[in-house]
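Structural characterization, general
As a plain string of letters, each chain reads:
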Amino acid sequence: MSKSKIILIPVIAFCSILVLFSLPGFFGKNNDSGSNIIAQTQPVDNRLAVRVHIISTSEFTNRIFSTGTVRADEEVMLRPEVSGRITDIFFTEGSKVKKGELLVKINDAELQAQLRRAQYRENLAKIREERTKNLIARNAIAQEEYDIALNELNVVRSEIELIRAQIELTEIRAPFDGVVGLKYVSSGALVTPNTDIASFQNIDRIKIDFSIPERHASSVRNGQRFTFNRQGSDVVYNGTVFAVQPRIDTQTRTLSIRGLAANPDNVILPGAFVEINYNLDTVSNAIMIPTEAIIPVMGGQNVLLYRNGRAESVPVQIGSRTDTRVLITDGVVPGDTLITTGVLQLRSGVPVRISEIR
């Protein structure tokens, strides 16, 4: 390559750079000015951006979570009806017994002696009554003498019934099928009607006592089902409502409910703490809205609806709640556009724009 050509190449490159620098808008100056012009022609939207929720219907189960206490189906404290000394104890602590089984015997020696004496008197009175009956059949004596003999016999028989009733009081029998608890006395102990012998209960079936807020009182019915589990256990048991207290507790403003549940293995013991999951009823076409859309006001609750580019305040009636949703019973209809953000700052009539639809 000649020397002149070597010199010419850098000169040409330098001239090209000068041309590029001289082109208008090479560094974007004209583009910036163009953007400014476009920005100046577009109006600024100062309306508050809000998120909205399109109201629709769905199935809703009115569910209540509560806590309760387990009770035995039947439970008594065994106590004697008379004072005396225990001669025999026929049960083992923690054992199952049948209704009518003899559990404790109190000394009845004196009553047994009175019974034998009365039985002897009964025999004599019966013989006399038979004799006078034969005599009166032959008109040998007056009717009055027979009436006296018959009355004496009946009196003695009544005394025998009384003594036997007193003897029964010295026996403590199982009032129903159940389990005997820990005993508090031993044979030979002197007891009175205030002495605790042992607890006795039937836990083949258990009762569960719990309460719900009074606003749900009208939805409670006998026969409704619920589930429960013991604290610290994942095993779920089924129960049925069988009794409702016919009044509201004025201290707690709650309604007391009692349920029944099977306990065939006796694994759930009376006094246990249980967690209740109670489904009251199901609404097929329920209107459920996000909890954050509710605005507390004097005397009730409001929500804000998006209408014609503005927020409009509407009063609503609310029902049951979940963690995230509220049941609306009146005030809005399916298809309404509900504002869910900025509800505490907005006022009715303020212009808004939708930034997100859910």
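Fair warning: this is a prediction, and the values are worked out from it, not measured in the lab. Counting restarts for each chain: residues are numbered from 1 in the order of the written sequence. Reporting of local features is limited, given that this is a predicted model, to residues whose pLDDT is at least 70; pairs of side-chain atoms are given and counted only at 80 or more, and all residues count toward the totals for whole chains, interfaces and linings. Side-chain descriptors were evaluated using all non-hydrogen atoms of the structure, hydrogens and water having been removed beforehand.

Let us look at the sheet that holds strand 5 (residues 102–106). Pairing between two strands requires that DSSP report at least two bridges joining them. Only DSSP runs of H or I with at least four residues qualify as helices, and only runs of E with at least two residues qualify as strands; both kinds are numbered from the N terminus onward. On the basis of which strands lie adjacent, the open sheet formed by 4 strands has the order 6-5-3-8 and antiparallel pairing. Strand pairing shows two members of the sheet lacking a second neighbour, strand 6 (171–173) and strand 8 (190–191), which therefore form its edges. With 2 bridges connecting them, strand 3 (residues 84–89) and strand 8 associate as antiparallel partners. From the neighbouring strand, G84 faces strand 8, where its bridge partner is V191.

A few words on helix 3 (residues 109–137). By definition here, a helix of n residues has an expected span of 1.5 Å times n minus one. Between its first and last C-alpha atoms helix 3 spans 42 Å; for 29 residues at 1.5 Å apiece the expected length is 42 Å, and the two agree. Two residues qualify as a contact provided that any one of their heavy atoms is within 4.5 Å of a heavy atom in the partner residue. For helix 3, the elements touching its buried residues are helix 4 (143–168). N139 occupies a position one or two residues after helix 3 and carries a positive phi of about 60 degrees.

The next point concerns the packing of helix 3 against helix 4. How two helices sit against one another is set out by the angle between their axes and by the gap between those axes. Throughout, an axis means a line fitted to C-alpha atoms (over the contacting stretch in the case of helices), and angles, computed between N-to-C directions, take values from 0 to 180 degrees. Remark: helix 3 packs on helix 4, axes separated minimally by 8 Å, with the N-to-C direction vectors making an angle of 160 degrees. The angle between helix 3 and helix 4 falls in the class roughly antiparallel. Where helix 3 crosses over helix 4, the handedness of that crossing is left-handed. With respect to orientation, any angle under 35 degrees is reported as roughly parallel, any angle over 145 as roughly antiparallel, any angle of 65 to 115 as roughly perpendicular, and every other angle as oblique. By definition, any crossing whose near helix is turned counterclockwise from its far helix by less than a right angle is left-handed, and any crossing with a clockwise turn is right-handed.

This next bit is on the pairing of strand 2 (residues 57–78). Sheet topology places strand 2 next to strand 13 (residues 273–290); 12 bridges connect them, and they run antiparallel. Its bridge partner lying in strand 13, F65 is registered against N277. The pairing of strand 2 with strand 9 (residues 198–213) spans 10 bridges and is classified as antiparallel. Bridged to V76 within strand 9 is F200.

Summary of the metric used: pLDDT quantifies the predictor's per-residue confidence within the range 0 to 100. The pLDDT averaged across the protein chain works out to 87; a share of 88% of its residues lies at or above 70. By mean pLDDT, the top-scoring element of the protein chain is strand 5 (97), and the lowest-scoring one is helix 2 (residues 29–41) (49). Low pLDDT (under 50) marks residues 1–6, which in the prediction has 1 contact with non-local residues, meaning those over four places away or in another chain. Within the model, pLDDT remains below 50 along residues 24–35, and this stretch shows 4 contacts once partners closer than five positions in the same chain are excluded.

Right, let's get into a nonpolar patch on the surface. Patch construction takes residues with relative accessible area above 30% that form no salt bridge. Like charges are linked within 9 Å, and nonpolar side chains (Val, Leu, Ile, Met, Phe, Trp, Tyr) are linked within 5 Å. Computed with a 1.4 Å probe, the accessible areas rest on the Shrake-Rupley method; for each residue, only the protein chains presented here act as cover. Whenever Lys or Arg places a side-chain nitrogen within 4 Å of a carboxyl oxygen from Asp or Glu, that contact is recorded as a salt bridge. Taken together, the side chains of I54, I354 and I357 make up a nonpolar region of the molecular surface, amounting to roughly 240 Å² of accessible area. Residue placement: I357 occurs in strand 19 (residues 352–357). Classification of residues uses two cut-offs on accessible area relative to the type maximum, computed with a 1.4 Å probe and protein chains only: under 20% is buried, over 50% is exposed, and between them is partly exposed. Judged by relative accessible area, which is 56%, I357 ranks as exposed.

Time to look at the pattern of salt bridges. Applying the stated criterion across every chain, the model contains 14 salt bridges. Notably, a salt bridge pairs R307 with E312, separated by 2.9 Å at the nearest N-O pair. Relative accessible area serves as the criterion here: at 33%, R307 is assigned to the partly exposed category. A relative accessible area of 32% means that E312 is categorised as partly exposed.

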